[in-house]
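# Coordinate inspection notes
One letter stands for each residue in the lines below.
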Amino acid sequence: MSRIFTAALVTETNTFSPLPVDMNGFREQLLARPGEHPDWPTQATGPIIAARRRAAELGWTITEGTTASAQPGGPVNRQTYETLRDEILAQLQAALPLDAVILGLHGAMVAHGYDDCEGDLLQRARQIVGPKVLIAAEFDPHCHFTKAMADSLDIAVFYKEFPHVDTFQRAQQLIDLVARTLKGEITPHLSTYDCRMIDVLPTSHEPMKSFVERLRDIERQDEQILDISIVHGFRAGDVPEMGSKVVVMSNNAPDYGHALAKKLARELFDNWGKSFPALLTPEQAIVQARACPRRPVVLADVWGNPGGGVPGDNTFLLKALLAAGVENTALATIWDPVAVRICHAAGVGARLKLRFGGKSCAGIGEPVDAEVTVKTVQDNATQTFVDAIVSLGPSAVIQVDGIEVILNTHRAQVLEPTIFTNLDIPALERDILVVKSTNHFYKGFAAISQDILYVETPGVYPSDYHSTEFRKVRRPLRPLDTISWEDVEQHQTF
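What this report covers is the structure whose coordinates are included nearby. (Residues numbered from 1 in each chain as written. Predicted model: local features only at pLDDT ≥ 70, side-chain atom pairs only at ≥ 80, totals over all residues. Heavy atoms only, no water.)

Spatially, the six strands line up as an open sheet ordered β2-β3-β1-β4-β5-β6, and their pairing is mixed. Every interior strand has two partners, whereas the edge strands, β2 (30-32) and β6 (155-158), have only one. Across the sheet, the mean angle from the axis of one strand to that of its neighbour is 20°, orientation sign disregarded. Where strand β1 (residues 2-10) and strand β4 (residues 100-105) come together, six bridges link them in parallel fashion. Residue pairing for β4: Leu 9 is matched across the bridge by Leu 105. Where helix α3 (residues 78-95) meets the sheet, its contacts fall on β1, β2, β3 (60-69) and β4, and the angle it forms with β1 comes to roughly 175°. Here helix α6 (residues 167-182) sits on the sheet in contact with β1, β3, β4, β5 (134-139) and β6, set at roughly 165° to β5. (Pairing = 2+ DSSP bridges. Helix = DSSP H or I, 4+ residues; strand = E, 2+ residues; numbered from the N terminus. Axes fitted to C-alpha atoms, helices over the stretch in contact; angles between N-to-C directions. Contact = heavy atoms within 4.5 Å.)

With that out of the way, let us pick up the pairing of β1. Judged by how many residues are buried, β1 sits mostly within the fold: eight of nine residues are covered. Where β1 and β3 come together, eight bridges link them in parallel fashion. Across the sheet, the residue bridging to Phe 5 is Thr 63, located in β3. (Buried < 20%, exposed > 50% of the residue type's maximum accessible area, 1.4 Å probe, protein only.)

Going from Glu 206 to Pro 207, the amide bond is cis rather than trans, its omega being 10°. Secondary-structure assignment places Pro 207 in the loop between β7 (188-194) and α7 (208-221). At the junction of Arg 475 and Pro 476, the peptide bond is cis and its omega measures out at 0° in the coordinates. If you trace the backbone, Pro 476 turns up in the loop between β18 (451-455) and α14 (485-490). Phi angles above zero are rare outside glycine, and Asp 401 is one such case at about 55°. One can find Asp 401 in the loop between β15 (388-400) and β16 (403-408). With relative accessibility at 61%, the residue Asp 401 sits in the exposed group.

Two elements in contact, α3 and helix α4 (residues 117-129), have axes separated by 10 Å at closest approach and are oriented at 25°. Here α4 runs roughly parallel to α3, going by the angle between their axes. As α3 runs across α4, the sense of the crossing is right-handed. Of the residues in α4, those touching α3 at Tyr 81, Arg 85, Leu 89, Leu 92 and Gln 93 are Cys 117, Asp 120, Leu 121, Arg 124, Ala 125, Ile 128 and Val 129. Considered class by class, the residues forming the contact of α3 with α4 number eight nonpolar, one polar and three charged. (Parallel < 35°, antiparallel > 145°, perpendicular 65-115°, else oblique. Left-handed = near helix turned anticlockwise from the far one by under 90°. Nonpolar A, V, L, I, M, F, W, Y, C, P; charged D, E, K, R; others polar.)

What follows deals with the pattern of salt bridges. Should their charged atoms come close, side chains of opposite charge can pair. Applying the stated criterion across every chain yields a total of 34 salt bridges. In this structure, Asp 154 engages Arg 126 in a salt bridge whose closest nitrogen and oxygen atoms are separated by 2.8 Å. With a gap of 28 residues between them, Asp 154 in the loop between α5 (147-152) and β6 and Arg 126 in helix α4 connect regions that are remote in the sequence. Asp 154 gets classed as partly exposed once you look at its relative accessible area, which sits at 25%. Here the salt bridges do not stand alone but share partners, grouping Arg 85, Asp 86, Asp 120 and Arg 124 into one network. (Salt bridge = Lys/Arg side-chain N within 4 Å of Asp/Glu carboxyl O.)

Ordered in space as β7-β9-β8, the three strands form an open sheet in which the pairing is antiparallel. Each of the sheet's edge strands pairs with one partner strand only, and the pair in question is β7 and β8 (225-231). Strand-to-strand twist of the sheet, defined as the mean angle between neighbouring strand axes without regard to direction, takes the value 15°. Note that β7 and strand β9 (residues 245-251) share seven bridges and pair antiparallel. Residue pairing for β9: Tyr 193 is matched across the bridge by Val 246.

It is worth spelling out the state of the cysteines at this point. Within the structure shown, the criterion is met by zero disulfides. Considering cysteine sulfurs only, Cys 195 is the nearest to Cys 143, which forms no disulfide, with 12 Å between them. Take Cys 143: its relative accessible area is 0%, and that puts it in the buried class. (Disulfide = S-S within 2.5 Å.)

The next point concerns the nonpolar core. Core analysis: the biggest nonpolar cluster contains 101 residues, and Trp 60, Phe 139, Phe 145 and Phe 420 have the highest contact counts within it. If one sorts the elements of this core by residue count, α6 sits on top with seven residues. The residues touching Trp 60, leaving out its near neighbours within four places in the chain, are Met 1, Ser 2, Ile 4, Ala 51, Ala 55, Ile 102, Ile 175, Val 178, Ala 179 and Leu 182. Formed by 34 residues, the second largest nonpolar core is a distinct cluster that contains Leu 331, Ile 398, Leu 407 and Val 455. (Core = buried A, V, L, I, M, F, W, Y, C linked by side-chain atoms within 4.5 Å.)

So, on to the side chain of Asn 314. Among the secondary structure elements, Asn 314 is positioned in the loop between β11 (297-301) and α10 (316-323). Looking at Asn 314, its side chain comes within polar contact range of the side chain of Asp 301, at 2.9 Å. Within the structure, the side chain of Asn 314 is placed 2.8 Å from the side chain of Lys 436, a separation counted as a polar contact. Among all residues touching Asn 314, those that are not within four sequence positions of it are Asp 301, Gly 304, Ile 334, Ile 364, Lys 436 and Thr 457. (Polar contact = N/O pair within 3.5 Å; in protein donor to acceptor, adjacent residues only side chain to side chain.)

With respect to the helices and strands, Ile 128 occurs in helix α4. Expressed as a C-alpha distance, the spacing of Ile 128 and Leu 92, which sit 36 residues apart in the sequence, is 7.9 Å. Not counting chain neighbours up to four residues away, the residues in contact with Ile 128 comprise Leu 89, Leu 92, Gln 93 and Leu 96.

Attention shifts here to the packing of aromatic side chains. Overall, the coordinates contain 16 aromatic pairs when judged by the stated rule. Ring centres 6.5 Å apart and planes at 35° place the aromatic pair Phe 276 and Trp 303 in the tilted group. A residue pair is termed long-range when its members are at least 10 positions apart, and Phe 276 in the loop between α8 (254-270) and β10 (279-280) and Trp 303 in the loop between β11 and α10 qualify at 27 residues. A single burial state applies to Phe 276 and to Trp 303, both of which are buried. The residue whose ring lies beneath Arg 478 is Phe 269, and the NZ or CZ to ring-centre distance is 4.6 Å. (Phe/Tyr/Trp six-rings, centres within 6.5 Å; stacked < 30°, edge-to-face > 60°. Lys NZ or Arg CZ within 6 Å of the ring centre and 35° of its normal.)

Geometry only, nothing functional implied.
Set out below in structure tokens:
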């Protein structure tokens, strides 16, 4: 019998966000101690559930530690991070002796005093278990993947898809790699190549869609390659090792893996800026949406996306829609717990003057002051994302002129059309659907709309590389700097 320890600590930190994350942020989304983990996989619990489901087959005895996951936000409160870290490490210590440690992580978590939380956690875990115990982890590709992380790990996999519709599939592949390693069938070796760039790389669009398929082809056909991952990077994290990377896991073939990682990194570098669709102003998007013959048209507010750690109460696009007199439109969401409470108190059918949105910080648009009708209230509204259920907390739908607006208490980006239908908004009957999301919405909404327009609005996400004051990022980094491939080769840290 192999003895396995699993746990998870997941959040994504926008260092420019005004919303610090404390223990309540984890309680709001998921904070499960041993014996409390749900039976269904979430982004945080994928490796835990995948290991649990295969334990009997593989002959594993599993000790499950704490699972903690919070919505993306600003830097994590130092005490909160250290408390959760030390809790997991104490559970790890108590579980010894072990054959493997399997963790669910994000890779872009920053706390006050810690630019690299995952690197810190993994280094401490390695010190506890020693050099011979296998350590494996699953990461979000919107991470930084630092040398401290790489040096502490034997196995690392990253979601391949953006939108992240393959989180549990990748967790299952992680378990497979761990099992094969423990049986002595393979000897994984990680090779990382730093692209010295940052980009937006949706795999729902070309050229990334075909690029990822080619990675899968290499994995199937090349016996020396166990896995290939693309680290997209997270540009809202002002930390030294921010940026895109290629991670190749070879079967004890470090030189071969390094050469392949370098080759793929060069392809990414040469394709910089070609992956993300063109961005429109709100006014341009409204004109194009009105001209579309098919319904519904989807407008994606890409930088107002709470999944990037911003508050989610920006009002620029909503104000443009109201000014243009747009009707038969639904918008998800405006984060405003105070407005939600007022709507719940007023009740369904009430008509009242309400101030909502634009409250969290400067630069996100002024609040909307309007006479609204309360159409729906729910104590815990939800949406789905693949197999997961995502809570919006207490929520309300208000009618503002010709627009239905979802107000929510728990920040969350838009993931699937159920965010509308679960709140009694018939999405297919609306002319325009407005979603605050960069690309995670794509698969769900592409199934109901052939016309998706990406809209750029101001806010606290560093949407403009050159006007953002990056202080910690290691330079040079494209596009902050004009660099050649020769510069990339000269600035490798792995």
